[in-house]
Amino acid sequence: AVEGPLAQTKFVLAKALSRGLAPIVVLNKVDRPAATQARCDAVASQLFDLFASLGADDQQLDFPILYASSKQGWASLTLPPLGSPPAEAASMAPLLDVMLAHVPPPKVSLQQPFAMCVAMIERDPFVGRVATGGC
């Protein structure tokens, strides 16, 4: 939120928009003292301009905005008072709710057996082997 859109933001956003995706905007680090309502509004305006300059359609320009502190582990649909977590339970639940509402489910057949191309396997001391991949 304080730094505004970074160089990688433009690259990743251009890729997402070219694939017809409707991005979800998360203004992170709003727990910092410089993350005022005015600064967050200015960053949101910069992001809208960036979306428009990259050719976003009307649906993509109607992006949801969340405010978050990943360091403190919370996200909110509204900017809480400076230096404090949101009044509702401080969690990432609002972000997950927005993802469920805005991200379409994958196109799969539930009648077919599960299949995945594994790209990476790692070991976690808590959950064991973790495979990451896609279709």
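Residues numbered from 1 in each chain as written. Predicted model: local features only at pLDDT ≥ 70, side-chain atom pairs only at ≥ 80, totals over all residues. Heavy atoms only, no water.

*Asks:* So, the pattern of salt bridges: which residues are in play, and what are the values?
*Replies:* On inspection of all chains with the given rule, the structure shows one salt bridge. A salt bridge links Arg-32 to Glu-3, with the nearest nitrogen and oxygen atoms 3.8 Å apart. Here Glu-3 lies in the segment before α1 (7-18) and Arg-32 lies in the loop between β1 (25-27) and α2 (37-53), a separation of 29 residues in the sequence. Residue class for Arg-32 comes out partly exposed when judged on its relative accessible area of 36%. On the basis of relative accessible area, Glu-3 is assigned to the partly exposed category, the value being 46%. (Salt bridge = Lys/Arg side-chain N within 4 Å of Asp/Glu carboxyl O. Helix = DSSP H or I, 4+ residues; strand = E, 2+ residues; numbered from the N terminus. Buried < 20%, exposed > 50% of the residue type's maximum accessible area, 1.4 Å probe, protein only.)

*Asks:* An account of the packing of α1 against α2 is requested, with residue identities and associated values reported.
*Replies:* Packing of α1 against α2 brings their axes to within 10 Å, and their N-to-C directions diverge by 50°. With respect to each other, α1 and α2 are oriented oblique. Every pair of crossing elements has a handedness; the one defined by α1 and α2 is right-handed. Two secondary-structure elements touch here, α1 through Thr-9, Lys-10, Leu-13 and Leu-17 and α2 through Leu-47, Leu-50 and Phe-51. Taken together, the residues that form the contact of α1 with α2 break down as five nonpolar, one polar and one charged. (Axes fitted to C-alpha atoms, helices over the stretch in contact; angles between N-to-C directions. Parallel < 35°, antiparallel > 145°, perpendicular 65-115°, else oblique. Left-handed = near helix turned anticlockwise from the far one by under 90°. Contact = heavy atoms within 4.5 Å. Nonpolar A, V, L, I, M, F, W, Y, C, P; charged D, E, K, R; others polar.)

*Asks:* Break down the environment of Asn-28 for me, with residues and values.
*Replies:* In this fold, Asn-28 is placed in the loop between β1 and α2. When the C-alpha atoms of Asn-28 and Leu-100 are compared, they prove to be 20 Å apart, with 72 residues separating the residues in sequence. In contact with Asn-28, other than residues within four places in its own chain, are Ala-1, Ala-68, Ser-69 and Ser-70.

*Asks:* Account for the packing of aromatic side chains, naming residues and giving values.
*Replies:* Applying the stated rule across the entire model yields two aromatic pairs. Taken together, a centroid distance of 6.5 Å and an interplanar angle of 40° make the contact between Phe-48 and Phe-63 tilted. Highlighted residues: Phe-48 in helix α2 and Phe-63 in the loop between α3 (58-61) and β2 (65-69), separated in sequence by 15 residues. Cluster of aromatic residues (ring-pair linked, three or more members): Phe-48, Phe-51 and Phe-63. (Phe/Tyr/Trp six-rings, centres within 6.5 Å; stacked < 30°, edge-to-face > 60°.)

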